[in-house]
Amino acid sequence: MTDLAAPRLSARHLARQRRLASYRRTWRAFRRHRSGVAGLAILLVFVLVALAAPLLASSDGLDVTLANGPVLGAPSSHYWLGTDDNGRSVLTLLIWGSRISLLVGLSATVISMVIGTLMGLVSGYFGGWIGRITFRVTEWMLVIPFLPLAIGLATVLGPGLFNIIIVIGVTSWPSTALLIRSQTLSIKERAYVERAEAIGGGRWHQMGRHVLPNVMPMVFANTTLTVAGAILTETTLSFLGLGDPTRTSWGSMLDSAYQVGAITTGSWWFVIPPGICVVLVVLAFTLIGQALEEVLNPRLRARR
Amino acid sequence: MTAELSAHGLRVEFTTRTGRVARALDGVDLRVRSGEVVALVGESGSGKTTLARALIGLARPVAGEVRWNGSRLDRSARALKALRRQVQLVLQDPSGALNPRQTVYESVAEGLRVHRLVSGSDKTEAELVAAALASAGLRPPESLFLRYPHELSGGQRQRVLIAGALAVQPQLLIADEPVSSLDASIRGEILALLLRLREELGLGVLVVTHDLGLAWNIADRIAVMYLGRVVESGPTEEVLTAPQHPYTQALLSVVPEIEELEPVVLRGEIPDPTRIPAGCRFHPRCPALASGEAEEVAESCRTVPLSVLSGEPDGHRSACHLVSAREGAVPASSTETEEVAP
Amino acid sequence: MSDASLLAIRDLHVTYATGDGPLPAVRGVDLTVERGQIVGVAGESGCGKSTLASTILRLQPSNATVSGTVLFDGRDVLTMRWGELRAVRWAGASIVFQGALHSLNPVHRIGDQISEPLRIHNPSLADRASRQRVGELLDQVGLDPQRARSYPHQLSGGQKQRVMIAMALACDPELVVADEPTTALDVMVQAQVLNVLSTLVRERGVGMMMISHDLSVLADLCDRITVMYAGRVVEEGPARRIFVEPLHPYSAALSAAFPRVGDPAARFAPSGLPGDPPQPWLLPGGCTFAPRCPRAAEVCLPAEPPLTSYGEERSAACVRIGEPDAPSVEPASGHVS
Ligand SMILES: Nc1ncnc2c1ncn2[C@@H]1O[C@H](COP(=O)(O)OP(=O)(O)OP(=O)(O)O)[C@@H](O)[C@H]1O
Ligand SMILES: Nc1ncnc2c1ncn2[C@@H]1O[C@H](COP(=O)(O)OP(=O)(O)OP(=O)(O)O)[C@@H](O)[C@H]1O
Ligand SMILES: [Mg+2]
Ligand SMILES: [Mg+2]
């Protein structure tokens, strides 16, 4: 028995090594996309800043009552990016705002991906009424204009960080679902899915073991694009005053800048930095998403 | 105990895109038992794969039934799973039938996991997988465990598929064109493997092919299909050395390297199953009818349909008006064709 | 005489540059095709058959390095000027590529696809004349001339393969190279396509090179067969004799793989060849076939056996021929080459 245990152990070990090797291969292919690498670098900077926020700027700087800077002061040696209408440092707001923006973007994406993948799989894999109903629902969600829906929902749920995440999550999944559905439709016709059925595997086995693993790369590539969209939506909702008033995000910064007429008073330092951050992060995710899609989708890879 | 899988008057239809109904199987009787090798031969499009799929419940018949050990197979998930525990299908295309994201180990272990066979056995999963790979002729099995399908040659892929089917220790194996995509040199090895499994495990095999040489190599019995029907069946020696049906004769005559036979190359292709000819379904292409040899029965050929050929494994039968007419004239013949008479 | 032959390939080497280093796909092949003759090339997947075919019209992939000579009508295709090569490609020789039937353009009628080379070649050709020519070509390959109006998806595999042959014939070539023209077709359709090919050679006197891994098909159709293994010719000779009494153990294995129906010896005794062909960049030393050879012995290991003549018109590359348990043929003269 002992002599059998050894090869089995090493087999699992080998399996892990193979998986690592395959990740390494993907990474090497990804590295060849200059734009994807640039996106990754930008994103890394933002993530580091968000994680290190307490080290970079004290959270006291967010408290209106403790603010002691000039009102809408221009950038100076003390306040690199100037101050807001409450005398807080814009740089501090920006650093702490990145936490909220990234958190909302990522969490909402997780919700959106889970719903989208499930709906896409089910509507693509099952024929009959289940497939038809899920597909109909997806189509409805897709044709209802997104922003009014999000605004409506946000108004009903009331402001709050958690609610914002939910609102973005449940309104942004339909495009993912459609993508996953079309992938599923093509994969379920593959011979290996039929083989799984012939072996005796049920529908859930076929879906979980064969269809899902083969649509996962698509899901990954799509995730990054969805994150970008979610961050934009968060900005939009906050800008419209539907965000969490107690927390600072890039969107809420833009909102207050608009409220106090920063644009008309020429206080550009209150408007442009959060705007640029949003654009940069969205761009980073989009670049990564495009590169990933080419790396993980063999058909696109073959064309290169 | 011998297992037995049989089809009785099986009919399978597909609706084509234009809305017409294609009758891919039009009444088929066939029986396979453990311990025997049966070859199902016929041109492309004659319905061989459809029959194989219908036999394990992948295609739903519109009429007729599949029987497993004598009792009718119902289509509940449980009954199908129980059947697929005992009857395994090896699909036609080895490169498409393996999940590109699964290792050889996972592909072969799939059946064991689905049917929870490891807990009921005194061996570990890895041992069972290794044994299945080894019995499919892949040695040493451990060296292949972690390969992905794209790292295998065509012959290895085919053998991994067979190993996956053998892992659950079925009583019957249905192999759809097991060697048609393989090189000549690998072909013999796979066929020898099927024969060895029959010897060692008492496995029954239904092998689907358009290659008569393969049938001669390994099959005890042979069933010749044409346009959704079995048109001739019987022991391989008899069917291939003394074919009765003009279709079988034509098929046999075009096998390269049979010099005794003047090749009878049928014109055109098998008709579209949405438009099955009246009378004998083979009559528009029948060389016997065209040459006037079947003059006396020509009227029946064009108008009188033939009944379904019995799937009982005894004797040599064929569904042909000309053969029945001749048999009628010579009653002392050793072959049985009473089912054929309209 | 080699220079009078329609096609004479001499000591051809083709090496691919790959990520894993140089890959020798063809290693010193000699092959001759006369007018009105069908020469078969047999061998398993990866032994270099398609590579050999592609060099005949200098159509090899760009990562290939070629040396040796390919004489078409006495002129070397590998060194000839571009204009001359174009003439050979137009009207001298044509290739029916492996699997080409899948590359028919789905949005054009097949008649237009067949007549395209005709019209490029001769722009003044009237519509009626070109239509008539397409009809003739289709008729030659056993298709109804009405088929010219069909789209590829309306044709079966065998019909598409015949369209490919018709296209190859469009400019009246002297040499036709058919790469696996019947693989993946069923026996009846295979017989139909083979009929078309042999009729063509008989009636038009073209030369043909036919590639297949099925020795029984080649034995039926060809005059001579060349058997390749790992990029080299291991046996060459008259088709029937190679099939019936092969000299090289590899030809013997190929021949035995397709039983003669009715042969009692083949009943329940399928015969195969264990193992896989060698990786081209990891060729074993000595005889490349030795690791799989049922007759391998010490003498096979030192060097790769040269192609040696046995009798008038046969040659094989195996040092064990003539030894005790081998087919009893006496070595005649010295080395061929
Ligand atoms: N899913 C399907 N939808 C519509 N028609 C089908 C389907 N599957 C098979 N057919 C038709 O049924 C007939 C029989 O097909 P089948 O695949 O059983 O033939 P076969 O004998 O296995 O042929 P081959 O040797 O080419 O594999 C064909 O005419 C085919 O077009
Ligand atoms: N463009 C290429 N670059 C690199 N290697 C190649 C290329 N084309 C073919 N090869 C390799 O050269 C060898 C010979 O290939 P070739 O296509 O000539 O074989 P073949 O005998 O025609 O095989 P098959 O029967 O599968 O068609 C193979 O190992 C193949 O992988
Ligand atoms: Mg089939
Ligand atoms: Mg080739």
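Residues numbered from 1 in each chain as written. Chains lettered and ligands numbered in written order. Predicted model: local features only at pLDDT ≥ 70, side-chain atom pairs only at ≥ 80, totals over all residues. Heavy atoms only, no water.

A. Focus on the sheet that holds strand 11 (residues 308-310) of chain C. Residues and elements named next belong to chain C. In space, the eight strands of this open sheet follow the order 6-7-8-3-9-10-12-11, with mixed pairing throughout. Each end of this open sheet is capped by a strand with a single partner; those strands are strand 6 (93-96) and strand 11. With direction set aside, neighbouring strand axes in the sheet form an average angle of 20°. Sheet analysis places strand 9 (residues 224-229) next to strand 10 (residues 232-238), joined by six bridges and oriented antiparallel. Bridging from a neighbouring strand, Thr-226 pairs with Glu-236 of strand 10. Against the sheet, helix 6 (residues 187-204) touches strand 3 (38-42) and strand 8 (207-212), its axis set at about 155° to strand 8. (Pairing = 2+ DSSP bridges. Helix = DSSP H or I, 4+ residues; strand = E, 2+ residues; numbered from the N terminus. Axes fitted to C-alpha atoms, helices over the stretch in contact; angles between N-to-C directions. Contact = heavy atoms within 4.5 Å.)

B. The confidence of the model for chain B, seen in detail. All names here are of chain B. Per-residue pLDDT for chain B averages 86, and the proportion of residues at 70 or more is 94%. Confidence scores differ between elements of chain B, with helix 12 (residues 321-329) showing the lowest mean pLDDT of 81 and strand 3 (residues 37-41) the highest of 95. Low pLDDT (under 50) marks residues 330-342, which in the prediction has 28 contacts with non-local residues, meaning those over four places away or in another chain. (pLDDT = per-residue confidence, 0-100.)

C. Inspection of the pairing of strand 2 (residues 21-33) of chain C at higher detail. Residues and elements named next belong to chain C. Pairing geometry for strand 1 (residues 7-18) and strand 2, over 10 bridges, is antiparallel. In the strand pairing of strand 2, Val-14 is matched with Val-26. Hairpin connection from strand 1 to strand 2: two residues lie between these consecutive antiparallel strands.

D. Here's a closer look at the site of ligand 2. Residue and element names in this part refer to chain C. Close to ligand 2 lie 17 residues, the nearest being Ser-45, Gly-46, Ser-50, Thr-51 and Gln-98. A distance of 2.5 Å is found between an oxygen atom of ligand 2 and a side-chain nitrogen or oxygen belonging to Ser-45. The fraction of the free accessible surface of ligand 2 (640 Å²) that becomes covered by protein chains is 71%. For the shell around ligand 2, the secondary structure elements donating two or more residues are strand 1, strand 2 and helix 1 (49-56). It is helix 1 that contributes the most residues to the shell around ligand 2, three residues altogether. Here the shell around ligand 2 is built from residues that sort into six nonpolar, eight polar and three charged. (Near = heavy atom within 4 Å. Polar contact = N/O pair within 3.5 Å; in protein donor to acceptor, adjacent residues only side chain to side chain. Areas by Shrake-Rupley, 256 points an atom, 1.4 Å probe, with all protein chains shown as cover. Nonpolar A, V, L, I, M, F, W, Y, C, P; charged D, E, K, R; others polar.)

E. Quick look at the domain arrangement of chain B. Residue and element names in this part refer to chain B. You can read the domains of chain B as domain 1 (4-98 + 170-224) and domain 2 (244-327). Inter-centroid distance (C-alpha atoms) of domain 1 to domain 2 is 23 Å. Counting from both sides, the interface comprises 19 residues of domain 1 and, opposite them, 19 residues of domain 2. For the pairing of domain 1 and domain 2, the buried interface totals around 1,600 Å² over both sides, and the portion due to carbon and sulfur atoms is 59%. (Domains from an automatic or database assignment. Buried area = accessible area lost by both parts, 1.4 Å probe.)

F. Looking closely at the coordination of the magnesium ion (ligand 3). Here the magnesium ion (ligand 3) is held by the protein donor atoms Thr-49 of chain B (OG1) and Gln-92 of chain B (OE1), which lie 1.8 to 2.5 Å from it. With Thr-49 of chain B in helix 1 (residues 48-55) and Gln-92 of chain B in the loop between strand 6 (87-90) and helix 3 (104-114), this residue pair connects regions lying 43 residues apart in the sequence. (Donors = N, O, S within 2.8 Å, 3.2 Å for Na, K, Ca; no water.)

G. Inspection of the nonpolar core at higher detail. Formed by 122 residues in total, the largest nonpolar core has its most connected members in Leu-5, Leu-51, Val-108, Leu-133, Ile-174, Leu-212 and Leu-240 of chain B. Among residues more than four places away in sequence, those in contact with Leu-240 of chain B are Leu-212, Ala-215, Trp-216, Ile-222 and Leu-252 of chain B together with Val-261 of chain C. In terms of nonpolar packing, the next biggest core, distinct from the first, is built from 61 residues, Leu-185, Ile-225, Ala-253 and Ala-290 of chain C among them. (Core = buried A, V, L, I, M, F, W, Y, C linked by side-chain atoms within 4.5 Å. Buried < 20%, exposed > 50% of the residue type's maximum accessible area, 1.4 Å probe, protein only.)

H. Representation of the interface of chain B and chain A. Each partner contributes to the interface: chain B provides 30 residues, whereas chain A provides 22 residues. For the pair chain B and chain A, the two sides together bury roughly 2,300 Å², of which 55% comes from carbon and sulfur. Summed over the three residues of chain B that lose the most area to chain A, namely Arg-101, Glu-110 and Leu-146 of chain B, the buried surface amounts to 25% of that side. Our count for the contact surface shared by chain B and chain A stands at two salt bridges. Across the pair Glu-110 of chain B and Arg-195 of chain A runs a salt bridge, and its minimum N-O distance is 3.4 Å. Mapped by element, the contributors of at least two residues to the side of chain B that touches chain A are helix 2 (77-86), strand 6, helix 3, helix 4 (125-135) and helix 5 (154-166) of chain B. (Salt bridge = Lys/Arg side-chain N within 4 Å of Asp/Glu carboxyl O.)

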